[in-house]
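Summary of the model geometry
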Amino acid sequence: MLIADNRLTPELERDLESLAEDDAPLAWWRRQVELGALGIIAVHVEGERVASVLWRLDQHGGRPCFVICGAAGNHPRFDLMGSVLPALERYARELGCDLVRWHTRRRGLVARGQAMGYGAAEFVLLKALA
């Protein structure tokens, strides 16, 4: 079950900690939530919060786009990606979006996404300058 929940709860803090990277530290994720720049969807399985999805609305090629900015969670008996992503697609349609976009560093998620009908929209290259 997906529930909109933009509060900074202990469960959200746990999930934000797993999203933190050098280029997006925990303080940045917290601030985006506090400012309302990112919406939060809490994912519940059997009454327990097992994941969080951080999202925003954008445009892609002039079309309304639901952007998944981060997602974190785990449930040993539940395929979160296989179940949650279709539910997010339905939610995006309800919001008037024609597209869903998400970024990942994990090649395994790329393969899963492609199997679910997603295609590579871009490649992002990054170089630190000395």
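This write-up is about the structure you can find in this document.

Cut-offs used in this document
Residues numbered from 1 in each chain as written. Predicted model: local features only at pLDDT ≥ 70, side-chain atom pairs only at ≥ 80, totals over all residues. Heavy atoms only, no water. Helix = DSSP H or I, 4+ residues; strand = E, 2+ residues; numbered from the N terminus. Phe/Tyr/Trp six-rings, centres within 6.5 Å; stacked < 30°, edge-to-face > 60°. Buried < 20%, exposed > 50% of the residue type's maximum accessible area, 1.4 Å probe, protein only. Contact = heavy atoms within 4.5 Å. Pairing = 2+ DSSP bridges. Axes fitted to C-alpha atoms, helices over the stretch in contact; angles between N-to-C directions.

This next bit is on unusual backbone geometry. A positive phi is found at Glu46, a non-glycine position, where the angle reads about 50°. As for its placement among the helices and strands, Glu46 is situated in the loop between β2 (39–45) and β3 (48–60).

Take the packing of aromatic side chains next. A complete count under the given rule lists 5 aromatic pairs for this structure. A ring pair is formed by Trp28 and Trp29, whose centres lie 5.0 Å apart and whose planes are at 80°; its orientation type is edge-to-face. Note on Trp55 and Tyr91: the rings are 5.7 Å apart at their centroids and 90° apart in plane angle, and the pair reads as edge-to-face. Here the residue Trp55 occupies a position in strand β3, and Tyr91 occupies one in helix α3 (residues 80–94), the gap between them amounting to 36 residues. Since its relative accessible area comes to 13%, Trp55 is described here as buried. Through a chain of ring-to-ring contacts, the aromatic side chains of Trp55, Phe66 and Tyr91 assemble into a single cluster.

Moving on to the environment of His75. When you line up the elements, His75 lands in the loop between β4 (63–73) and α3. Residues His75 and Asp23, 52 residues apart in the sequence, show an inter-C-alpha distance of 27 Å. Here His75 is in contact with Val45, Glu46, Val50 and Leu80, once residues within four sequence places are set aside.

This part takes up the sheet that holds strand β5 (residues 99–102). Read from one edge to the other, the open sheet built from 5 strands follows the order β1-β2-β3-β4-β5, with strand pairing classed as mixed. Two strands bound the open sheet, and with one partner strand each, they are β1 (2–4) and β5. Along the sheet, successive strands turn relative to each other by an average axial angle of 35°, direction set aside. Sheet topology places β2 next to β3; 7 bridges connect them, and they run antiparallel. Residue pairing across strands places His44 opposite Arg49, the latter belonging to β3. Taken strand by strand, helix α1 (residues 10–19) contacts β2, β3 and β4, and its axis lies near 60° from that of β3.

In short, geometric facts, not functional conclusions.
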